[in-house]
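Architecture at a glance
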Amino acid sequence: MAVDELQAIIQRCQILEEADFKGEDFNLFQVAGQKCLEDGYAAQLLEVIQNEKNKVIIKNMGWNLISPLVRCIFMYKQEDDKREHCLRILDQLAQLCNPKELFLGLLEQIEQTSGEQVCQTVMLLLQPLQTVLLKLQSKKAYSVGLSLAMIMNQLTPLPVPYTKQQIQEDKLGLCQCCNAVVDFAKPFVNEVVKNMEKSSEYNDMELKEELIKFCMKSLKYPLLTAQLEQLEGIEEHPFRRFATEIIDILWNLGELIPLVFVHHKGDSPHWENQEFADIEKKNSADSLACLSYLMFVQHFAVECYPVVFSPSYLLLCNMTHIEVLLKRTEESVLSKGLDLFESCLLRMEDNSLLHHYLELRDFVNVPQDLVKIMTLCPMEHMRKKSLNILQLFIDKFDTEGKYTLFRCLLKTSSHAGVEGYIIKNIKDQIHLALTKEYDNIWFTGHHLISLLDLVLSLPEGAETDLLQNSDRIMASLNLLRYLVIKDCESDHQTGVWITLGKIEQNFLKPLRVGLNMSKAHYEAEIKNKKENRKEAHSSNTVCSVTVSGEKMPAMTTGMQLQVLHSALFTFDLIESVLARVEELIEVKTKAVMDEN
């Protein structure tokens, strides 16, 4: 019987001194103890462990029972008495065993778990692990850091619940586990805070650094990808509670404000360990971006940060974080970047952002990232939101800033729709310049002429793909039509009449030639398709189309003709506006000649 075997080993070891225990004794104790657990004799094993006479044996050998003990706990149902006995054994081992040995045993058990049992195992072992760590005298900071790192490394592969239903179900237990881990860390946070209060020159930075590492990891996972909006029907959002706890730890350790307001300059909080400082600097971008999102969008710890900072300074602080988030493709992260950018911009008044900010790399990169989202993101609501935020960004700049930003986006966007949108903005700024009383040197005169050189041109002359560039071409023609109508040749406010010869040479004439060639080509294509269809006596002939290496659904001849006619309609639209522009130029030029 398993209990008899265990008792025999116990009696043998009771007469030995602690130093005389051999490897064989450890193995026999482990095998007998495991057999007791597996055969259902947990109550008898508990009695053996609680017996004061066995205290020295359990102190040295008890940690070997952790692995079979955990297996048995998961094997029994919640209401089973045997499970309760196993839990009491675990508690007793935490109190009686050698802290160093038990610490390694618990950590090994956490490391070996995987899949659906990760959160269950972590939550089961957190309390005994905390008890053991609080007992450690040497290498305490290292052991706490190792424990937190091991736990977070095991949790990180798990998918983060995102929808309301997923959060409520918490299928793998991640929501519950994350908050349990924070509670596990609290005694160590309190220890650091207590020591800091005792002495203003608190020098033991190791434990503090390990706790900050944990906070930074938590910000990256799970908070960076978590849904953090308030959800109706969830009284206490688990990830919002977790975020609150993480920010509270950083605040209590005195690191919250330095991380938010100092780190963007390239400075870091002071770390004793230079190796950690280098790693932290390299890998903390996502964590810091998430922290800014929590504070400036979700308003966590809003009462903590200074209110003396100007809106433009807050934008400056956050541009690096915004860039980090906008370069990601996951909806949960990308949306945080857009929300953070929007939040910073809404704090500002229109025309208040100085053009000097565009000398900073982030202020040039972020609008280009927005353009990529507008044109490449598969989610329509994200594309629309990024467009709205780009307009918001444009509106915040002073006149010279708008001018500089327009030039930059026209040169870098490589997308006709975006270029058309920017040209429409240029037209709006010219209108403001012509209708307001004060002088606006950036959208009139020689500055505007320089900008028009970019706008009123065709990328490849007459051979430009007019269909691909139709949005830009239509916007350019509408701008030119506006300038011709609004600016009298005698006023020369916009300079359009001075540079008219150049515009005709670089834009109007190549456009007319390109239109004629394109229309002739598409009309010929339509004619060929119709003839081919007659020969085949059917409109069900299909052709395959390949786009970006992917084969698209087959098109019938009728569908192909529809596409070709649509292209011709676009050319007719461009041609009608072009004809109107040419007519206006001719009328105005003739009127001036008649006056002369």
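Residues numbered from 1 in each chain as written. Predicted model: local features only at pLDDT ≥ 70, side-chain atom pairs only at ≥ 80, totals over all residues. Heavy atoms only, no water.

**Observations concerning the packing of aromatic side chains**
Selection criterion: Think of it this way: a Phe, Tyr or Trp ring, Trp meaning its six-membered ring, pairs with another when their centres are within 6.5 Å, and the plane angle makes it stacked under 30 degrees, edge-to-face over 60, tilted otherwise. Secondary structure elements follow DSSP: runs of H or I of four or more residues count as helices, runs of E of two or more count as strands, with numbering from the N terminus. Burial here depends on accessible area, computed with a 1.4 Å probe over protein chains only, as a share of the maximum for the residue type. Under 20% is buried, over 50% is exposed, and the range in between is partly exposed.
All told, the structure shown has twelve aromatic pairs when counted by the stated rule. For the ring pair Phe261 and Phe296, a centre distance of 6.2 Å and an interplane angle of 90° mean the geometry is edge-to-face. Taken together, the residues span a long stretch of sequence, with Phe261 in helix α14 (residues 256–261) and Phe296 in helix α16 (residues 285–296) at a distance of 35 residues. In this pair, the class of Phe261 matches that of Phe296, namely buried.

**A short note on the nonpolar core**
Filter applied, for reference: By nonpolar core is meant a set of buried Ala, Val, Leu, Ile, Met, Phe, Trp, Tyr and Cys residues that side-chain atoms within 4.5 Å join together. Note on contacts: a residue pair qualifies if any of its non-hydrogen atoms lie within 4.5 Å across the two residues.
The biggest cluster of nonpolar side chains holds 191 residues, and the ones touching the most others in it are Leu155, Phe214, Leu294, Phe341, Leu477 and Leu511. It is helix α11 (residues 174–198) that provides the largest number of residues to this core, a total of twelve residues. Setting aside anything within four residues of it in sequence, one finds Leu477 in contact with Phe507, Leu508, Leu511, Ile574, Val577, Leu578 and Val581.

**Things to note about the environment of Val193**
Mapping Val193 onto the fold places it in helix α11. Measuring from C-alpha to C-alpha, the distance between Val193 and Gly254 comes to 9.1 Å, with 61 residues separating the pair along the chain.

**Some points on unusual backbone geometry**
Between Tyr221 and the following residue, Pro222, the backbone shows a cis peptide bond with an omega angle of 10°. Unusually for a residue other than glycine, His299 sits at a positive phi of about 60°. Relative to the helices and strands, His299 resides in the loop between α16 and α17 (311–326). Looking at His299, the relative accessible area reads 44%, which means it is partly exposed.

**Overview of the side chain of Ser518**
With respect to the helices and strands, the residue Ser518 is situated in helix α25 (residues 500–536). What makes Ser518 buried here is its relative accessible area of 16%. Leaving out residues up to four positions away in the same chain, Ser518 has contacts with Leu466 and Phe571.

**Concerning the pattern of salt bridges**
This is how it is decided: When a carboxyl oxygen of Asp or Glu is within 4 Å of a side-chain nitrogen of Lys or Arg, the pair counts as a salt bridge.
Summed over the entire model, instances satisfying the criterion amount to 28 salt bridges. Close ionic contact of Lys220 with Asp286 constitutes a salt bridge, the shortest N to O distance being 3.8 Å. Of this pair, Lys220 sits in helix α12 (residues 206–223) while Asp286 is found in helix α16, placing the two residues 66 residues apart along the sequence. A relative accessible area of 40% places Lys220 in the partly exposed class. The network of salt bridges with common partners includes Glu323, Lys327, Arg361, Asp362 and Asp369.

**Some remarks on the environment of Ser67**
Looking at the secondary structure, you find Ser67 in helix α5 (residues 66–75). Put simply, Ser67 and Gln112 are 45 residues apart on the chain and 9.8 Å apart in space, counted from C-alpha to C-alpha.

**Looking at the packing of helix α3 (residues 42–50) against helix α6 (residues 81–96)**
Spelled out, the test is: Interaxial angles span 0 to 180 degrees and are taken between N-to-C directions of axes, which are lines fitted to C-alpha atoms, for helices over the stretch in contact. Small angles under 35 degrees read as roughly parallel and large ones over 145 as roughly antiparallel, with 65 to 115 read as roughly perpendicular and the rest as oblique. Crossing chirality is assigned from the near helix's rotation relative to the far helix, an anticlockwise turn below a right angle marking it left-handed and a clockwise turn marking it right-handed. As a working rule, the residues Ala, Val, Leu, Ile, Met, Phe, Trp, Tyr, Cys and Pro are called nonpolar, Asp, Glu, Lys and Arg charged, and the rest polar, with Gly in that last group.
α6 packs onto α3 with a crossing angle of 20° between their chain directions and a minimal axis gap of 9 Å. One finds that α3 runs roughly parallel with respect to α6. Between α3 and α6 the crossing geometry is left-handed. Contacts between α3 and α6 involve Ala42, Ala43, Leu45, Leu46, Ile49 and Gln50 from the first element and Lys82, His85, Cys86, Arg88, Ile89, Gln92, Leu93 and Leu96 from the second. Split by residue class, the contact of α3 with α6 holds nine nonpolar, three polar and two charged.

Spatial relationships are all this shows, so hold off on functional conclusions.
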